[in-house]
Amino acid sequence: QVQLVESGGGLVQPGGSLRLSCAASGTLFSIYRMDWYRQAPGKQRELVATITHVGSTNYADSVKGRFTISRDNAKHLVYLQMNSLKPEDTAVYYCKYYHSDNYLYWGQGTQVTVSS
């Protein structure tokens, strides 16, 4: 089992920045992917960014150029640096650990609110 603890969410003005962190612990395999998702009220959960164990990244078109995902493999940490934030970015952000279809875990979520 894997436990994920997120931090860094909060209230920020449009154009501002936030950095989310996710710490993974428990039984972690050598190869795993870490993802960030978000979900706004009444909306489907959306994949925001993903990073593999070797550092390959992918981003949703809506955040490309503004968000950066990174990881510290030694500490089992994943980050999401969010710049040029927009009100549309307001959502609960979730960290996900993925090893296989039968071994994946979600964090509890952290609220990000972008408002003036």
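Right above here is the structure, for reference.
Computed from a predicted model, the values in this text were never measured in an experiment.

Student: Which parts of the structure should I look at to understand the overall build of the chain?
Tutor: Counting secondary structure elements, the chain contains 0 helices and 11 strands. When the helices and strands of the chain are placed in sequence order, the string is β-β-β-β-β-β-β-β-β-β-β. A compact globule built from 116 residues should have a C-alpha radius of gyration of about 13 Å, and the chain, at 14 Å, falls within 12% of that. The buried share of the chain, taken over its 116 residues, is 40%. In the chain, once contacts between residues fewer than 6 apart in sequence are set aside, the share between residues at least 24 apart is 52%. Carbon and sulfur atoms form 49% of the exposed surface of the chain, whose accessible area is close to 6,100 Å². In the chain, the 11 positive side-chain charges and the 8 negative ones have mean positions that sit 2 Å from each other.

Student: Help me out: how do you make sense of the pairing of strand β3 (residues 18-26) in this one?
Tutor: A regular strand carries its side chains on alternate faces of the sheet. Of the strand pairs in this sheet, strand β1 (residues 2-7) and β3 are connected by 6 bridges, and their pairing is antiparallel. By the bridge assignment for β3, glutamate 6 is matched with cysteine 22. Pairing of β3 with strand β8 (residues 77-82) involves 6 bridges; the strand directions are antiparallel. By the bridge assignment, leucine 20 is partnered in β8 with leucine 80.

Student: Just to check I follow, could you spell out the packing of aromatic side chains for this structure?
Tutor: For the structure shown, the criterion picks out 6 aromatic pairs. Arranged with centres 5.1 Å apart and planes meeting at 85°, the rings of tyrosine 103 and tyrosine 105 form a pair that is edge-to-face. Its relative accessible area of 14% is what places tyrosine 103 among the buried residues. Judged by its relative accessible area of 22%, tyrosine 105 is partly exposed. Joined through ring pairs, the aromatic side chains of Phe29, Tyr32, Tyr97, Tyr103 and Tyr105 make up one cluster. Over the face of the ring belonging to tyrosine 79 we find arginine 19, whose NZ or CZ atom lies 4.0 Å from the ring centre. Over the aromatic face of tyrosine 98 sits the side chain of arginine 33, whose NZ or CZ is 4.5 Å from the ring centroid.

Student: For this particular structure, what's the right way to read the state of the cysteines?
Tutor: As used in these notes, a disulfide is a covalent bond between sulfur atoms, one from each of two cysteines. Tallied over the full model, the rule gives 1 disulfide. Put simply, cysteine 22 and cysteine 95 are joined by a disulfide, and their sulfur atoms are 2.2 Å apart. Residues cysteine 22 and cysteine 95 share a disulfide whose torsion about the S-S bond is about -85°; that sign makes it left-handed. Taken together, the residues span a long stretch of sequence, with cysteine 22 in strand β3 and cysteine 95 in strand β9 (residues 91-100) at a distance of 73 residues. For the residue pair cysteine 22 and cysteine 95, the accessibility class agrees, reading buried in each case.

Student: Where do I start with the environment of glycine 65 in this structure?
Tutor: Structurally, glycine 65 is set in the loop between β6 (57-59) and β7 (67-72). Residues glycine 65 and histidine 53, spaced 12 residues apart in sequence, show a C-alpha to C-alpha distance of 21 Å.

Each value, and the rule that gives it
- Residues numbered from 1 in each chain as written.
- Predicted model: local features only at pLDDT ≥ 70, side-chain atom pairs only at ≥ 80, totals over all residues.
- Heavy atoms only, no water.
- Helix = DSSP H or I, 4+ residues; strand = E, 2+ residues; numbered from the N terminus.
- Rg over C-alpha atoms; globule rule 2.2 N^0.38 Å.
- Buried < 20%, exposed > 50% of the residue type's maximum accessible area, 1.4 Å probe, protein only.
- Contact = heavy atoms within 4.5 Å.
- Areas by Shrake-Rupley, 256 points an atom, 1.4 Å probe, with all protein chains shown as cover.
- Lys, Arg positive; Asp, Glu negative; His and termini not counted.
- Charge placed at Lys NZ, Arg CZ, Asp CG, Glu CD.
- Pairing = 2+ DSSP bridges.
- Phe/Tyr/Trp six-rings, centres within 6.5 Å; stacked < 30°, edge-to-face > 60°.
- Lys NZ or Arg CZ within 6 Å of the ring centre and 35° of its normal.
- Disulfide = S-S within 2.5 Å.

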